[in-house]
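# Inside the fold
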Number of protein chains: 2
Amino acid sequence: MKVVYSEKHQSHDPQTFLVRGRMTRSAEQPERADRLLAGIHAGGHTLVAPEDFGPGPRAAVHTPEYLEFLETAWARWQALPDASDEVIANVRPMTGYASYPTGIVGRAGYHMADSGTPVGQGTWNAAVWAAHSAVHAAALVAEGERVAYALCRPPGHHAYADKAGGFCFLSNTAIAAEWLTRRRRRVAVLDVDVHHGNGTQGIFYRRPDVLTVSLHADPAEFYPYFVGYAAERGEGDGLGYNLNLPLALGTADDGYLQALDIALARIRAFAADTLVVALGLDAYEGDPLKGLAITTPGFARIAQAIAGLKLPTVLVQEGGYLAPELGDNIRSFLTGFESRL
Amino acid sequence: MKVVYSEKHQSHDPQTFLVRGRMTRSAEQPERADRLLAGIHAGGHTLVAPEDFGPGPRAAVHTPEYLEFLETAWARWQALPDASDEVIANVRPMTGYASYPTGIVGRAGYHMADSGTPVGQGTWNAAVWAAHSAVHAAALVAEGERVAYALCRPPGHHAYADKAGGFCFLSNTAIAAEWLTRRRRRVAVLDVDVHHGNGTQGIFYRRPDVLTVSLHADPAEFYPYFVGYAAERGEGDGLGYNLNLPLALGTADDGYLQALDIALARIRAFAADTLVVALGLDAYEGDPLKGLAITTPGFARIAQAIAGLKLPTVLVQEGGYLAPELGDNIRSFLTGFESRL
């Protein structure tokens, strides 16, 4: 399988993550990519460097204000007195009629969903190339590859059209899906990350042309807490085009695969002709941020079930943190997928 | 003038305040009350301890979910692994369809507007007695006092019906205003804190029976950043019953008094029969959180202008931080007010 990967992710190395009131080191570290690459090399896959697709694909998903913020925030933040090295939001809008402030502290609060998504000097460049990687994988599939995998870092599925969150800045998955949609593909997004794909859902929530489906740990006690519930089915024209399948904390392979069958049936009913998978590996039983209990062989079973859709498929890396088995898990998934081609 | 004050505020001593990405000590310290008391003693005013008005007045303004959260959050937080001593939010809802999570991390994110409003062991008790103090001052005015002052700590005007923010937990000002409204008073709220009274505005935003007016530093580059703009005039039945007068950063006495004239004209047009003043002193030129440049004599002039409305008036302490002149400023305001009775 072709694997699109850029070393430019290394310029994003977030240091801060406010967890239960304490500042810790972010779990979204560059070493994640090293471990994933080890699994990819062991699986015999082919690395491809992404092309530069320009600003168009990201501008098709994210607002101009937000993109300008991401590109300029770090430099503006450095001009503040006594500021931290990384941009970290403190405040947030609380009302539907929130205006857009001019100062960088206010803008950080507007565009950042949590205090765990700091913007450092190299964040923008890394995020841009992660998005190019996702588009490149989509282009490979558009050109006839049955499946391609984008090893994106930072991840993207918690990023909204105008907000960063949960380690995510640009929504790589949504950018790939939108890029394909504009090329007349009928796209379904399937999110198997342990966390609800809230950003992807938000981006397509009022649209019937892209189906969004997410399996994830029940948000009642798990990030992103406020959305990801089964009652969220889309709004307006998009009503019925979003499916959430929250799972009890600790759900293991068999329970997961049962829910996955429901997701796959919905994708078939939508008559998708192309699939984008938001491929988190943090549903792993040994993941540092775990909420579910998928085994390493379980990822192969999940991949086989997804491959059974027989759809051209773009795999976009999302979460999955520094477990020793992270490389084994991506290898298991990719091998499982290829076994059903 | 009668000054309602409870020593119980001392149990709230917040340690953390995330400012420009760095954890600092909160500016909302118990010593604020000591300095205010020194000014009050120097002015020859009379201290009164608040009565316990029970849960009714706060429940008339805040949601049951939020009140339960405030009362129980600290104990629930202590049960988390590796949690900080104070409850500090990391996440936040980003969509209009936010659900209400069950876990305390999610609930903290739901109910807390920023990372500068930590809940400690004694926060609830202090907030409850601050609210009782405001109601007690309102009761004094309802019983015939021309003016009464509640030395509330923690402050309240950034707290919404269901959210803490900006050092505030229970909206003392709104609780006093609502208590009076339910006793057939026609109440106007005038907020002279340097920060927009966003919580008070939010609580009454859809109601025509309480007029809310706020003078404050322009939020485009100043807390609360997202609201406090002139375009916000109320919603639904409340349209036209909210007036924001944002002032350029650095505005001094004369410019302030010109804007105050506009505020007072609106209050007269509303035909209020009772006034509640959200009395921040952080518009002071030497305040640590300053945005405007009011002088100590300027507070007397502001108070004289307000007293010129000739309305029964409840003064509720809001912001004003550890400047050496904090006591002088409250003395100046109260003396100025009494000079026009």
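What counts and what doesn't
- Residues numbered from 1 in each chain as written.
- Chains lettered and ligands numbered in written order.
- Predicted model: local features only at pLDDT ≥ 70, side-chain atom pairs only at ≥ 80, totals over all residues.
- Heavy atoms only, no water.
- Pairing = 2+ DSSP bridges.
- Helix = DSSP H or I, 4+ residues; strand = E, 2+ residues; numbered from the N terminus.
- Axes fitted to C-alpha atoms, helices over the stretch in contact; angles between N-to-C directions.
- Contact = heavy atoms within 4.5 Å.
- Least-squares fit on C-alpha atoms with pLDDT ≥ 70 in both.
- Buried < 20%, exposed > 50% of the residue type's maximum accessible area, 1.4 Å probe, protein only.
- Right-handed = clockwise from strand over helix to strand, strands pointing away.
- Polar contact = N/O pair within 3.5 Å; in protein donor to acceptor, adjacent residues only side chain to side chain.

## What about the sheet that holds strand 1 (residues 2-4) of chain A?
Residues and elements named next belong to chain A.
- Pairing in this open sheet of eight strands is parallel, and the strands run 4-1-5-10-9-6-7-8 from one edge to the other. In this open sheet, the two edge strands, each paired with only one partner strand, are strand 4 (46-48) and strand 8 (242-247). Across the sheet, the mean angle from the axis of one strand to that of its neighbour is 20°, orientation sign disregarded.
- Taken together, the three bridges between strand 1 and strand 4 define a ladder with parallel strand orientation. Opposite Val4, over in strand 4, you have Val48 as the bridge partner.
- Contacting strand 1, strand 4, strand 5 (147-150), strand 9 (274-279) and strand 10 (313-317), helix 5 (residues 123-142) crosses the sheet at an angle of about 175° to strand 5.

## Considerations on the relation of the copies chain B and chain A
- For the pair chain B and chain A, the superposition axis carries a translation of 0.0 Å, the fit reaches an RMSD of 0.0 Å, and the rotation angle comes to 180°. Taken together, the rotation angle and the small translation identify this as a two-fold axis.
- Taken as a fraction of all interface residues of chain B, those also at the interface in chain A reach 100%, which identifies the copy contact as same-surface.

## A closer look at the pairing of strand 7 (residues 210-217) of chain A
Residue and element names in this part refer to chain A.
- Counting buried positions over the eight residues of strand 7 gives eight, a clear majority of the element.
- Bridge count between strand 6 (residues 187-191) and strand 7: five bridges; the pairing is parallel. Each residue of the ladder has a partner; that of Leu190, found in strand 7, is Val213.
- Assessed by its sense of winding, the connection that carries the chain from strand 6 through helix 7 (residues 198-204) to strand 7 is right-handed.
- The sheet contact formed by strand 7 and strand 8 spans six bridges and is parallel. What sits directly across from His216, in strand 8, is Pro246.

## Overview of the environment of A:Tyr97
- If you trace the backbone, A:Tyr97 turns up in the loop between helix 3 (64-78) and helix 4 (104-111).
- Excluding its chain neighbours within four sequence positions, the residues that come into contact with A:Tyr97 are B:Gln201, B:Gly202, B:Tyr205, B:Phe226, B:Val227, B:Glu232 and B:Glu235.
- Looking at A:Tyr97, its side chain comes within polar contact range of the side chain of B:Gln201, at 3.1 Å.

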